[in-house]
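# Topology and contacts: notes
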Amino acid sequence: TQLLEQSPQFLSIQEGENLTVYCNSSSVFSSLQWYRQEPGEGPVLLVTVVTGGEVKKLKRLTFQFGDARKDSSLHITAAQPGDTGLYLCAVYNYGQNFVFGPGTRLSVLP
Amino acid sequence: SQTIHQWPATLVQPVGSPLSLECTVEGTSNPNLYWYRQAAGRGLQLLFYSVGIGQISSEVPQNLSASRPQDRQFILSSKKLLLSDSGFYLCAWSAGGAENEQFFGPGTRLTVL
């Protein structure tokens, strides 16, 4: 059983559409991070959410941390081809390590 | 500013051969260092992490080992590669703590034939 589950696994949409991807767990976390990874490169941090219910916006991306701090969502408004990539959520586990979800692969078609 | 380097960028090795992947960080001191492996298009599996020179923690039993001979150098090794060792290997560093960003290197694509 994975600590983090992400849905959907794959998503293909047309440019201009809106979308939401999810990161879920049965555990409670002090914080959660979202990363985006492009093919052949390392992931790059998008945001860290810390407070239950917190909403953060990064241009057309809106991130929300669940009230119980067990889940998070990422909403993209008016998706563009440049948003294409693998979206990963990650949490800080016991000790000094991070755990990543399996990711949502997003493809935005022009 | 901080930078992280990995080499080689790609590697094709026969089964049973040794492996050495190197990661170095510049512009920071005493970073936490991590090795991850990523299957095609999927999430990252943490292999090793280190909070200081000579301190290595292994997350999963495997055919690989890691060493940290210097503060900003992290090496991933194997004595005999298996087919299942193929994948995309990523090194990362962080300043430590739950809210600190992890900065990833460009990765090494390893193919074991």
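Below is a summary of the structure that appears in this document. (Residues numbered from 1 in each chain as written. Chains lettered and ligands numbered in written order. Predicted model: local features only at pLDDT ≥ 70, side-chain atom pairs only at ≥ 80, totals over all residues. Heavy atoms only, no water.)

### Overview of the pairing of strand S9 (residues 87-94) of chain B
Regular strands place side chains that alternate from one sheet face to the opposite one. Residues and elements named next belong to chain B. Counting buried positions along S9 yields 8 of 8 residues, so the element is predominantly enclosed. Of the strand pairs in this sheet, strand S4 (residues 32-38) and S9 are connected by 7 bridges, and their pairing is antiparallel. Each bridged residue has a counterpart across the sheet, and for Tyr36 the counterpart in S9 is Leu90. Inspection of the sheet shows S9 paired to strand S10 (residues 103-104) by 2 bridges, in the antiparallel sense. Within S10, the position partnered with Ala92 by the bridge is Phe104. (Buried < 20%, exposed > 50% of the residue type's maximum accessible area, 1.4 Å probe, protein only. Helix = DSSP H or I, 4+ residues; strand = E, 2+ residues; numbered from the N terminus. Pairing = 2+ DSSP bridges.)

### Regarding unusual backbone geometry
Cis geometry marks the peptide bond from Ser7 of chain A to Pro8 of chain A; its omega dihedral reads -10°. Cis peptide bonds are those with omega within 30 degrees of zero, and the linkage from Trp7 of chain B to Pro8 of chain B qualifies with 0°. With phi around 60°, Arg69 of chain A is a residue other than glycine that occupies positive phi space. Along the chain, Arg69 of chain A turns up in the loop between strand S7 (61-65) and strand S8 (71-76). According to the relative accessible area criterion, Arg69 of chain A is partly exposed, its value standing at 30%. Phi at Asn30 of chain B is positive, roughly 50°, even though this residue is not glycine. With respect to the element layout, Asn30 of chain B can be found in the loop between strand S3 (19-26) and S4.

### Some thoughts on the packing of aromatic side chains
Scanning the entire structure with this criterion turns up 11 aromatic pairs over all chains. Taking the centre distance of 5.4 Å and the plane angle of 90° together, the rings of Phe100 of chain A and Tyr36 of chain B count as edge-to-face. With one member in each of two chains, Phe100 of chain A in strand S10 (residues 98-100) and Tyr36 of chain B in strand S4 form a pair that bridges those chains. Each ring, one from Phe100 of chain A and one from Phe104 of chain B, has its centre 6.0 Å from the other, and the planes form 75°; the classification is edge-to-face. Linking Phe100 of chain A in strand S10 with Phe104 of chain B in strand S10, this pair reaches from one chain into another. By relative accessible area, Phe100 of chain A is classed as buried at 6%. Here a set of aromatic residues connected by ring pairs shows up, and it is made of Tyr35, Tyr92, Phe98 and Phe100 of chain A together with Tyr34, Tyr36, Tyr49 and Phe104 of chain B. (Phe/Tyr/Trp six-rings, centres within 6.5 Å; stacked < 30°, edge-to-face > 60°.)

### Remarks on the interface of chain B and chain A
Each side of the interface is counted separately: chain B has 24 residues, and chain A has 24 residues. Summing both sides of the interface, chain B and chain A together bury roughly 1900 Å²; the carbon and sulfur share of this comes to 53%. Across the chain B-chain A interface, the total number found is 0 salt bridges. Joining chain B to chain A, the criterion identifies 3 residue pairs in polar contact (both at pLDDT 80 or more). (Contact = heavy atoms within 4.5 Å. Buried area = accessible area lost by both parts, 1.4 Å probe. Salt bridge = Lys/Arg side-chain N within 4 Å of Asp/Glu carboxyl O. Polar contact = N/O pair within 3.5 Å; in protein donor to acceptor, adjacent residues only side chain to side chain.)

### Focus: the pattern of salt bridges
Residue and element names in this part refer to chain B. A complete count under the given rule lists 4 salt bridges over all chains for this structure. With its nearest N and O atoms 3.7 Å apart, the salt bridge here joins Asp85 to Arg37. Of this pair, Asp85 sits in the loop between strand S8 (73-78) and S9 while Arg37 sits in strand S4; the two residues are 48 residues apart in sequence, bridging distant segments of the chain. A salt bridge links Asp71 to Arg68; the shortest N-O distance between them is 3.2 Å.

### A closer look at the pairing of strand S5 (residues 44-52) of chain B
Residues and elements named next belong to chain B. With 7 of 9 residues buried, S5 is to be regarded as a mostly interior element. Relative to S5, S4 runs antiparallel, the two sharing 6 bridges. Among the inter-strand pairings, Tyr34 is bridged to a residue of S5, identified as Tyr49. Both S5 and strand S6 (residues 55-58) contribute to a ladder of 3 bridges, which runs antiparallel. In the strand pairing of S6, Phe48 is matched with Ser58.

Such coordinate-based values are descriptive only and should not be taken to indicate function.
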